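Each chain, letter by letter, is given below.
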Amino acid sequence: MALVEISNLTRVFDVSKPWLNRVLERLPKSLLTAVSDVSLQIEDRSIYALVGESGSGKSTIGKIVVGLTAPSSGSVTIGGVDLARESDRGAVEQTRSDIQMIFQDPYASLNPRWRVRDIIVEPVAAKGGKTDGLAERLLEQVGLVARDAGKFPHEFSGGQRQRICVARALASEPRLIVCDEPTSALDVSVQAQVLNLMSDLKDTFGLTYLFISHDLTVVQHMADRIGVLYLGRLVEEAAPAELFADPKHPYTQMLLAAAPKMDGFGREVDPPKGEIPDPINPPSGCAFHPRCPLATDVCKSERPAMLDLREARVACHHAM
Ligand SMILES: Nc1ncnc2c1ncn2[C@@H]1O[C@H](COP(=O)(O)OP(=O)(O)OP(=O)(O)O)[C@@H](O)[C@H]1O
Ligand code: SF4
Ligand SMILES: [Mg+2]
């Protein structure tokens, strides 16, 4: 059963200059399509990873799912409730409390003047819930110790702080956690520990994750399903084994070819070729056509639909 259902989701931002400048300089309005007609489902108690280069619309989708940003068109439902349209306030409140978000920067997202205990129980206390011993229990669940509850955020390392963020997210007993690059700021070894922790908690607490990352290799081992975004469009979706063994979209193939190839100095070689186009004036037809080695005339004129192909879903005129 799907917990999250995203249907034809589109989000357009008005990035025009101020009105007076536009009039004086005779500029048209400029609109940026950050998310374009994205449809996907996240199964209950699964991990869905959304990957893509910078600016591909990952965070915008995450923010719409948690209700921080409204869609321009299309919809997101969580357990059948559409936060942007539901009129029953009880249903909206319940659904909101079912969702938590964890951000990239564990430094910025913890109040430096609060003790860890107060940070963790705050979402529960705000609703008048019972908080006795809650912070201590959750700290142990995330691999810290009960007495850490009395400390301040600056007394912890980056990885430990991200564990505190996880504990705080768990406090309100969510069903869905949206993680936006939760480990990108951490060292590789610490990253793996936090990812393992999140996977374990999924089983313990029956959680569902929308996990956002720019790095395919980070999500390879934890995700049940991976969606690849390009310029706000979902181009391919598959289980990790399928995606890595048999990538069907030329963009996914390019990402995988470029992925973790390091030279002798640990530097990345072979980055994806070509520039990401301007999202204000995206290429016609398939947005990937200027960079695609397989592009033909139809690619320039018609946007490819997302179709089932073996165990995957792919949006490409020539995928085989
Ligand atoms: N509030 C906003 N106003 C205008 N443009 C925005 C806004 N938020 C996002 N954008 C634009 O929408 C596009 C997608 O942004 P988004 O933050 O979703 O990308 P991302 O995939 O999360 O990138 P990154 O990996 O850099 O975090 C970008 O071109 C961005 O500049
Ligand atoms: S539709 Fe055409 S341009 Fe787009 S990825 Fe497929 S082959 Fe390449
Ligand atoms: Mg982002």
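Residues numbered from 1 in each chain as written. Chains lettered and ligands numbered in written order. Predicted model: local features only at pLDDT ≥ 70, side-chain atom pairs only at ≥ 80, totals over all residues. Heavy atoms only, no water.

Enquirer: Quick question: what am I supposed to make of the pairing of strand β3 (residues 47-51) here?
Expert: Every regular strand shows the same layout, with side chains that alternate between the two sheet faces. Counted residue by residue, β3 has five buried out of five residues, so it is predominantly covered. Of the two faces of β3, both are covered, the one formed by I47, A49 and V51 as well as the one formed by Y48 and L50. In terms of strand pairing, β3 meets strand β8 (residues 225-230) through four bridges, oriented parallel. Looking at β8, one finds that A49 is bridged to I226. (Buried < 20%, exposed > 50% of the residue type's maximum accessible area, 1.4 Å probe, protein only. Helix = DSSP H or I, 4+ residues; strand = E, 2+ residues; numbered from the N terminus. Pairing = 2+ DSSP bridges.)

Enquirer: Would you mind going over the packing of aromatic side chains with me for this structure?
Expert: In this description, an aromatic ring pair is defined by two values, namely the gap between the centres and the angle between the planes. Per the stated rule, a full pass over the model turns up three aromatic pairs. Pairing Y230 with F288 gives two aromatic rings, centres 5.1 Å apart and planes at 80°, and the pair type is edge-to-face. Of this pair, Y230 sits in strand β8 while F288 sits in the loop between α10 (250-258) and α11 (297-301), and the two are 58 residues apart along the sequence. For Y230, a relative accessible area of 2% corresponds to the buried category. Both rings, one in Y251 and one in F288, keep their centres 5.3 Å apart while their planes meet at 65°; by these two values the pair is edge-to-face. Separated by 37 residues along the polypeptide, Y251 in helix α10 and F288 in the loop between α10 and α11 bring together distant segments of the chain. Exposure class is identical for Y251 and F288. Each is buried. (Phe/Tyr/Trp six-rings, centres within 6.5 Å; stacked < 30°, edge-to-face > 60°.)

Enquirer: Honestly, the nonpolar core in this entry has me stumped. Any pointers?
Expert: Formed by 59 residues in total, the largest nonpolar core has its most connected members in I120, M198, F211 and I226. Residue contributions to this core peak at seven residues, all from helix α6 (residues 158-171). Not counting chain neighbours up to four residues away, the residues in contact with M198 comprise I102, V166, C179, P182, Y209, F211 and M222. (Core = buried A, V, L, I, M, F, W, Y, C linked by side-chain atoms within 4.5 Å. Contact = heavy atoms within 4.5 Å.)

Enquirer: Explanation requested: α10 in the structure shown.
Expert: Residue pairs three or four apart in sequence face the same way in an α-helix, which turns once every 3.6 residues. The buried fraction of α10 is high, at seven of nine residues. Along α10, the residues classified as buried are P250, Y251, T252, M254, L255, L256 and A258. Of the surrounding secondary structure, the elements contacted by the buried residues of α10 are α8 (216-219), β8, β9 (233-238) and α9 (240-245).

Enquirer: Would you take a moment to explain the site of ligand 1 for this structure?
Expert: Near ligand 1 you find 13 residues, and of these S54, G55, K58, S59 and T60 are the closest. In this structure, an oxygen atom belonging to ligand 1 sits 2.8 Å away from a side-chain N or O atom of S59. Between ligand 1 and T60 there is a distance of 2.5 Å, counted from an oxygen atom to a side-chain nitrogen or oxygen. A total of 640 Å² of accessible area belongs to ligand 1 in isolation, and the protein chains cover 63% of it. Among the elements that make up the shell around ligand 1, the one with the highest residue count is helix α2 (residues 58-66) (three residues). (Near = heavy atom within 4 Å. Polar contact = N/O pair within 3.5 Å; in protein donor to acceptor, adjacent residues only side chain to side chain. Areas by Shrake-Rupley, 256 points an atom, 1.4 Å probe, with all protein chains shown as cover.)

Enquirer: Got a minute to help me understand the sheet that holds strand β4 (residues 73-78) in this structure?
Expert: Strand pairing in a sheet relies on backbone hydrogen bonds, with the paired strands running either antiparallel or parallel. Ordered in space as β2-β1-β4, the three strands form an open sheet in which the pairing is antiparallel. Because the sheet does not close on itself, it has two edges, and the strands there are β2 (31-43) and β4. The average angle at which neighbouring strand axes cross in this sheet is 15°, direction not considered. Seen against the sheet, α2 touches β1 (2-14), β2 and β4 and runs at an angle of roughly 120° to β1. (Axes fitted to C-alpha atoms, helices over the stretch in contact; angles between N-to-C directions.)

Enquirer: Sorry, what's going on with the confidence of the model for the protein chain here?
Expert: Where the model shows low pLDDT, its predicted coordinates should not be examined in detail. Per-residue pLDDT for the protein chain has a mean of 91; in total, 95% of the residues score no lower than 70. Per-element confidence in the protein chain ranges from a low mean pLDDT of 87 for helix α1 (residues 19-25) to a high of 98 for β9. (pLDDT = per-residue confidence, 0-100.)

Enquirer: How do you make sense of the packing of α6 against helix α7 (residues 188-205) when you look at a structure like this?
Expert: Two quantities define a packed helix pair, namely the angle between the axes and the distance from one axis to the other. Contact pair α6 / α7: the axes reach a minimum separation of 10 Å and the direction vectors enclose 15°. By the criterion of interaxial angle, the relationship of α6 to α7 is roughly parallel. For the crossing formed where α6 meets α7, the hand is right-handed. Where α6 approaches α7, its residues G159, Q162, R163, V166 and L170 are matched on the opposing element by V190, Q193, V194, L197, M198, L201 and F205. Residue composition of the contact of α6 with α7, grouped by class: eight nonpolar, three polar and one charged. (Parallel < 35°, antiparallel > 145°, perpendicular 65-115°, else oblique. Left-handed = near helix turned anticlockwise from the far one by under 90°. Nonpolar A, V, L, I, M, F, W, Y, C, P; charged D, E, K, R; others polar.)

Enquirer: So what exactly am I meant to see when it comes to the site of ligand 2 here?
Expert: In the neighbourhood of ligand 2, 13 residues make up the surrounding shell, with C286, C292, C299, C316 and H317 lying closest. Within the shell around ligand 2, the residues separate by chemical class into nine nonpolar, four polar and no charged.

Enquirer: Sorry if this is basic, but what is going on with helix α3 (residues 89-97) here?
Expert: By the burial criterion, the buried members of α3 are A91, V92, T95 and S97. Contacts from the buried residues of α3 go to β4 and β5 (99-102).

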